[in-house]
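Descriptive analysis of the structure
Each chain, written out:
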Amino acid sequence: MNPYEFLTRQAGVGDVRDLVQQLGAWHDSMVLHQRTVRQLGPEEACDESCAHAVGRDLWAQAKKRLGPVAESLTFLRRSVERTNQES
Ligand SMILES: [Zn+2]
């Protein structure tokens, strides 16, 4: 089940099925990536195309397309905020 499916039922949000698909795939890869980061540390595990980088891109898209509803994407928001603080 895609945990982002609920976004397609939000009022005032257009057709975001493609975004929901991307978020669902990203969520799984982020969960795996976080495990790798815990084992190896961000220096080893992260690069410019890791799940954090994809997350930043998705967060920008989500804010643009979902407006205030994007704030409910806490997992995405926290992952992105944490990387911003680190850099
Ligand atoms: Zn990363």
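A few words now on helix 1 (residues 17-40). For helix 1, which comprises 24 residues, the first-to-last C-alpha distance of 34 Å matches the rise-based estimate of 34 Å (1.5 Å per residue) to within 8%. Every buried residue belonging to helix 1 is among Leu19, Leu23, Trp26 and Met30, and all of these are buried. Positioned one or two residues after helix 1, Gly41 has a phi angle of 85°, which is positive.

What follows covers the environment of Val54. Along the chain, the position of Val54 falls in helix 3 (residues 51-66). For Val54, a count of 17 C-beta atoms within 10 Å gives the class partly exposed. Along the backbone, Val54 and Gln39 are 15 residues apart, and their C-alpha atoms lie at a distance of 20 Å.

Tyr4, Leu7, Leu19, Leu23, Trp26, Met30, Ala51, Leu58, Ala62, Leu73, Leu76 and Val80 form the largest nonpolar core, which has 12 residues in total. Going through the elements one at a time, helix 1, helix 3 and helix 4 (74-86) are the ones with two or more residues in this core. With four residues, the top contributor of residues to this core is helix 1. Apart from the residues lying within four places of it in its own chain, the contact partners of Leu23 are Tyr4 and Leu58.

Our next topic: the confidence of the model for the protein chain. For the protein chain, the average pLDDT comes to 92, and 94% of its residues sit at 70 or higher. Least confident of the elements in the protein chain is helix 4, whose mean pLDDT is 81; most confident is helix 1, at 97.

Restricting attention to buried positions, one finds in helix 3 the residues Ala51, His52, Gly55, Leu58 and Ala62. Within helix 3, the buried residues cover an arc of 110° as seen down the axis, which keeps them to one side. Seen from the buried face of helix 3, the exposed residues on the opposite side, beyond 90 degrees, are Ala60 and Lys64. In the stretch just after helix 3, Gly67 is the one whose phi turns positive, near 60°.

What counts and what doesn't
Residues numbered from 1 in each chain as written. Predicted model: local features only at pLDDT ≥ 70, side-chain atom pairs only at ≥ 80, totals over all residues. Helix = DSSP H or I, 4+ residues; strand = E, 2+ residues; numbered from the N terminus. Expected span 1.5 Å × (residues − 1). Buried ≥ 20, exposed ≤ 12 C-beta atoms within 10 Å, placed from the backbone. Core = buried A, V, L, I, M, F, W, Y, C linked by C-beta atoms within 7 Å. Contact = placed C-beta atoms within 7 Å. pLDDT = per-residue confidence, 0-100. Arc of directions from axis to C-beta.

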